[in-house]
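Results of the structural survey
In case you want the letters, here they are:
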Amino acid sequence: MDPVRSAGASADGRRLPLKTMAAAPSGIRGWHSIFFEPFAVLLRHRRMLFRTSLADVRARIAASALGWIWIGLYPLLFLGAYALVYLYVFQVRFPAYGGRDYVVLIFCGLVPFLWFSESLAVGTGSVVANGNLIKNTLFPIELVPAKSVLAAQATFAVGIVMVVGALAATGKLSAWVTLLPLLWFFQFLLTVGVVWATSSLCVFVRDLQQIIGVCLLLLMMVSPIAFPAEAVPENLRGWMGLNPLYYLITCYQDVLINGRQPANLLPLGIISFAAFFVGHAIFSRLKGVFADYV
Amino acid sequence: MSDPALELHDVGKRFRLFSRPGLRAIDALGGGWLLRGMGATSRELWAARHISFRVERGERVGLIGRNGAGKSTTLKMIIGTLTPTEGRVEVRGRIQALMEIGTGFHPEFTGRQNIQAALSYQGITGRDAHALEPEIIDFSELAEFIDQPVKTYSAGMYARLAFSAATAVIPDVLVIDEILGAGDAYFAGKCLDRMRDLTERSGTTVLFVSHDASAVQVLCQRCIWIERGTVKEDGPTLSVLKSYATQVRRDEEARLRARDARAAGEPRESPGSLPRDTSNYGSGACTIESVELEDADSSDAKIVLADRPCRVKVRVFAPSPISNPVFVFCAYLPSGLCAMQLVVAGEECGAPEISGSNRVEFVIDRLVLGAGEYVASVAVFERMPRLGAEPRAYHVMDRSFHFKVEDEAGPARVERGVCRQPFRAEVHAG
């Protein structure tokens, strides 16, 4: 049901866009719509997406007593817990990383993970929670999950600045850090794709929200956040590849603390684009039947 | 002739109803073959079918119909939430649905921040949004409170701000769905006036969906009546509303009749045994066999018109002669308040004694009861009832006869009260 936009001339000379909604031939749809539509929908409404995401962040801040402080405090608390457990309880030491470096290593993985997990936690229920927006003709419902992903990156933004600052202070910053925007882009595609899929399925299977919570906990444990991927025993390393966050987090670690070419950049890119397209395909298929369930 | 703003060509929507929502998702994802394999069954339902109409630019059209008639489905197809199963919908211009107010509102935000948030959901950002702000604040009359968080607002203030923000920009095609029904009557009226002003000035095409006929009358020149998923009538507002009102009245009559029939169908003790059923009792020396309301059109009406003649006909049967019975027809408001009581003794109408079958008629030349729902008691007493004491009853049917009074022209926007006091007015200078 892609809106076909052409123009109809009107009496006073104003040209109004014509939008046609017709019974869609089911089955095969144009290839261009699979690859082009997901980008188009986000780009077309980028300003609205930005403003509403900002409003979301503001709303969350306005609702808490500590306000803006939370955004910085949240990753620090997580980091503190990680550092405490691994550094002092388990007494974990890696030859390649000193005590201070180890903390930064954790941060490199933790910060992108927090963005991903918060996006999923909030985004999965976002369509259900914003059912009223389904009827909004000016705000496409596709933007709702994307909005959750964008709003969730507040923590990420602050965290990344902390990491880069810490690396700069210890003189470990390398030129590879310039790849950060690309990693951000890949992670955005990956997360939006996954959230598109989960949020639309959640309309029909509400339990998904609980399931996602459990999955995130599992992902947190198997993702190489508190350990470098090299520390995983050889025979288990193959399994790591099944976790899409493995590619993401190792890329961040390479670019930031290891200061080397990210080895997993290509698989990450492929996975991200695939998730983005598949997620959108699922979402646009289910969107037609949302209205009756929300 | 310019292109119409809105065109529907033989539009229909079929829903497939599954026993579980999850199955619907599988179906939508193209897993129909899987469902058939699993033996999952679905029922098909056409919520709307063969709907065709066109709305010219600048026209204001009302869409009426009862709940479940297919109004909402049609609307959702127009705004693009639902894809039609068959047919084609064409919309020229920016379409906006005003279905709820307060989109993007957050209680912790100040009024001003909420205006910006609401506007951003309408795709208005940056300088445009700031330019609109003064006008919105102005209409909401909340300038004093605009920098307070809206959680401190009263419900009325909140609604005012939300409505002002929602109607700040009028699109090419505006779809309004029932929102005006929310909030208090005063505010609803004010909103309606604003909608009319705005749309008249800007030449916006309006599609107004409501089951409130009077609101449609204020806003629209043309009206489309949707019934059972298809267009039943399409024409000037007044004439469509009239046929709609007639249909609703007819169905309402059937409903009231069914209700009374249910009440009458309840087992009743045989006369003579002095039953103390709470709603139907008496000594049984005479019994009320039937009660009918008659107006000009019908000899057994359930709905009568205010300011028109009507009569109440009560059939009374007395197996043996009784002297000076008192006949009562008493109408109550839903609140339980007695609205009118027609009391007459047999000897006042030349029947000091009755026996066998009799017909008592209360003749009303002009009904002064106002529009509303009533329930009536019908009774035959042994003596005239005095305040506070009920005399011995031959037969009382307590509050078991339902009827309705309506205005001839359909629901009016002017409240006329429970009693239609006849009056004339004079204006004197000086």
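Every chain begins its residue count from 1, and numbering advances along the sequence as written. Chains carry letters from A onward and ligands carry numbers from 1 onward, assigned in written order. With pLDDT at 70 or above as the cut-off, local features in this predicted model cover only qualifying residues; side-chain atom pairs require 80 or more to be listed or tallied, and sums for whole chains, interfaces and linings still use all residues. Computation of side-chain values covers all heavy atoms of the structure but excludes hydrogens and water.

1. Quick notes on the overall build of chain A
Filter applied, for reference: Numbering of helices and strands runs from the N terminus; a helix is a DSSP stretch of H or I covering at least four residues, while a strand is a stretch of E covering at least two. Note on classification: 1.4 Å probe, protein chains only; a residue is buried when its accessible area is under 20% of the maximum for its type, exposed when over 50%, partly exposed between these limits. Residue contacts are counted whenever heavy atoms from the two residues lie within 4.5 Å of one another. A 1.4 Å probe and the Shrake-Rupley method give the accessible areas. Residues count as covered only by the protein chains that appear here.
Looking only at helices and strands, chain A features eleven helices and two strands. Order of helices (α) and strands (β) in chain A, N terminus to C terminus: β-β-α-α-α-α-α-α-α-α-α-α-α. Per-residue burial over chain A gives 52% buried out of 294 residues. Here the contacts in chain A between residues at least 6 apart in sequence split such that 75% fall between residues at least 24 apart. Carbon and sulfur atoms make up 69% of the accessible area of chain A, which totals about 13,500 Å².

2. Comments concerning the nonpolar core
Note the following rule: Among buried residues, those of type Ala, Val, Leu, Ile, Met, Phe, Trp, Tyr and Cys that are joined through side-chain atoms within 4.5 Å constitute a nonpolar core.
L42, Y102, L256 and F290 of chain A are the most contacted members of the largest nonpolar core, which has 86 residues in total. Setting aside residues no more than four positions away along its own chain, F290 of chain A makes contact with V127, I134, I141, S200, V203, F204 and F283 of chain A. Counting residues in hydrophobic clusters, the runner-up holds 33 residues, among them A318, V344, L367 and V378 of chain B.

3. Digging into the packing of helix α4 (residues 111–121) of chain B against helix α5 (residues 126–140) of chain B
Axis angle and axis distance: for two packed helices, these are the angle between their axes and the distance between the axes, and together they describe the pair. Residue and element names in this part refer to chain B. As a reminder of what qualifies: Where helices are involved, their axes are fitted lines through C-alpha atoms of the stretch in contact, as for all axes, and angles between N-to-C directions lie from 0 to 180°. Oblique is the label for any angle not under 35 degrees, not over 145, and not in the 65 to 115 range, which are roughly parallel, roughly antiparallel and roughly perpendicular in turn. The handedness criterion is simple: a crossing whose near helix is rotated anticlockwise from the far helix by less than a right angle is left-handed, and one whose near helix is rotated clockwise is right-handed.
Look at α4 against α5: their axes get within 10 Å of each other, and the N-to-C directions meet at 120°. In terms of their interaxial angle, α4 and α5 are classed as oblique. By crossing handedness, the relation of α4 to α5 is classed as right-handed. Here R112, I115, Q116 and L119 of α4 lie close against α5, whose contacting residues are A129, H130, L132, E133, I136 and I137.

4. Observations concerning the sheet that holds strand β11 (residues 287–294) of chain B
Residue and element names in this part refer to chain B. Convention followed: Here a strand pair is declared whenever DSSP counts at least two bridges between the two strands.
Taken together, three strands build an open sheet; the order of strands is β11-β13-β16 and the sheet is antiparallel. Pairing within the sheet leaves two strands with one partner each, and these edge strands are β11 and β16 (353–364). In this sheet, neighbouring strand axes are inclined to one another by 15° on average, regardless of whether the strands run parallel or antiparallel. Both strand β13 (residues 310–323) and β16 contribute to a ladder of eleven bridges, which runs antiparallel. For V316, the partnering residue across the bridge sits in β16 and is N358.

5. Considering the pattern of salt bridges
As a working rule, side chains carrying opposite charge can pair if their charged atoms are close by. Residues and elements named next belong to chain A. Let me state the cut-off plainly: The rule for a salt bridge is simple: a side-chain nitrogen of Lys or Arg has to be within 4 Å of a carboxyl oxygen of Asp or Glu.
Evaluated as defined, the whole model comprises 33 salt bridges over all chains. Among the ionic pairs, K287 bridges to E142, the shortest N-O distance being 2.6 Å. Linking K287 in helix α11 (residues 265–290) with E142 in the loop between α5 (126–129) and α6 (143–170), this pair joins segments that are 145 residues apart in sequence.

6. Focus on the environment of Q210 of chain A
All names here are of chain A. Along the chain, Q210 falls in helix α8 (residues 208–222). Residue class for Q210 comes out exposed when judged on its relative accessible area of 57%. Q210 sits 25 residues away from F185 along the chain, and the two C-alpha atoms are 28 Å apart.

7. Brief notes about the interface of chain A and chain B
The criterion, for reference: Accessible area that two parts lose when put together, with a 1.4 Å probe and added across both, is what the buried area reports. N or O atoms within 3.5 Å of each other form a polar contact, as long as, within protein, one can give a hydrogen and the other can take it, and as long as residues adjacent in sequence are counted only when both atoms are side-chain atoms.
Taken residue by residue, the interface counts 46 residues in chain A and 48 residues in chain B. With both chains or domains summed, chain A and chain B bury close to 4,100 Å², and 61% of this area falls on carbon and sulfur atoms. In this assembly, chain A and chain B are joined by zero salt bridges. Our count for the chain A to chain B interface comes out at two residue pairs in polar contact (both at pLDDT 80 or more).

8. A word on the sheet that holds strand β9 (residues 230–236) of chain B
Residues and elements named next belong to chain B. Strand order in the open sheet formed by six strands is β5-β6-β7-β3-β8-β9, and the pairing between neighbours is mixed. Strands at the two margins of the open sheet, each flanked by one partner only, are β5 (95–98) and β9. Direction aside, neighbouring strands of the sheet carry axes that sit 20° apart on average. Where strand β3 (residues 60–64) meets strand β8 (residues 222–227), four bridges bridge the pair, whose relative direction is parallel. Within the sheet, the bridge partner assigned to L63 lies in β8 and is I224.

9. Examining helix α10 (residues 244–258) of chain A
Residue and element names in this part refer to chain A. Where we set the bar: A helix is expected to span 1.5 Å for every residue after the first.
Under the 1.5 Å per step criterion, the end-to-end length of α10 is 20 Å for 15 residues, consistent within 8% with the ideal 21 Å. Of the residues flanking the start of α10, the one acting as N-cap is N243, its side-chain oxygen 2.8 Å from the backbone nitrogen of L245. Positive backbone phi, at 55°, marks G259, one or two positions downstream of α10.

10. Comments concerning the packing of aromatic side chains
All names here are of chain B. Rules: Each Phe, Tyr or Trp ring (for Trp, its six-membered ring) is paired with any other whose centre lies within 6.5 Å, and the angle between the two planes then decides the class: stacked below 30 degrees, edge-to-face above 60, tilted in between.
This structure, assessed with the given rule, holds 28 aromatic pairs over all chains. Geometrically, the ring pair formed by F105 and Y158 is edge-to-face, given 5.4 Å between the ring centres and 75° between the ring planes. With F105 in the loop between β5 and α4 and Y158 in helix α6 (residues 155–166), this pair connects stretches of sequence that are 53 residues apart. For F105, a relative accessible area of 12% translates into the label buried. Between Y374 and F403, the aromatic rings sit 5.5 Å apart at their centres with planes inclined by 15°, giving stacked as the arrangement. Taken together, the residues Y374 in strand β17 (residues 372–381) and F403 in strand β18 (residues 393–406) connect sequence positions 29 residues apart. Judged by relative accessible area, which is 3%, F403 ranks as buried.

11. Digging into the environment of R112 of chain B
Residues and elements named next belong to chain B. Within the secondary structure layout, R112 lies in helix α4. On the basis of relative accessible area, R112 is assigned to the partly exposed category, the value being 29%. Residues R112 and D147, 35 residues apart in the sequence, show an inter-C-alpha distance of 6.1 Å. Setting aside its immediate chain neighbours within four residues, R112 contacts E133, I137, I146 and D147.

12. So, the packing of helix α4 (residues 99–123) of chain A against α6 of chain A
Residues and elements named next belong to chain A. Note the cut-off: Three categories are distinguished: nonpolar for Ala, Val, Leu, Ile, Met, Phe, Trp, Tyr, Cys and Pro, charged for Asp, Glu, Lys and Arg, and polar for the others, with Gly belonging to the last.
Close contact between α4 and α6 brings their axes to 8 Å; oriented N to C, the two are set at 175°. As far as their axial angle goes, α6 and α4 are roughly antiparallel. Among the residues making up the contact of α4 with α6, the classes are represented as 15 nonpolar, seven polar and two charged.

13. Things to note about the environment of R160 of chain B
By the element assignment, R160 of chain B lies in helix α6. A polar atom in the side chain of R160 of chain B sits 2.9 Å from the backbone oxygen of S140 of chain B.

14. Examining a nonpolar patch on the surface
Residue and element names in this part refer to chain A. Stated precisely, the cut-off is as follows: Within this analysis, patches are made of residues with over 30% relative accessible area and no salt bridge. Like charges are joined at 9 Å or less; nonpolar side chains (Val, Leu, Ile, Met, Phe, Trp, Tyr) at 5 Å or less.
On the surface, L66, I69, W70, Y74 and L77 cluster together into a nonpolar patch covering about 470 Å² of accessible area. For L77, the location among the structural elements is in helix α3 (residues 69–89). Here L77 falls in the exposed class, since its relative accessible area comes to 52%.

Read these as geometric descriptors, not functional statements.
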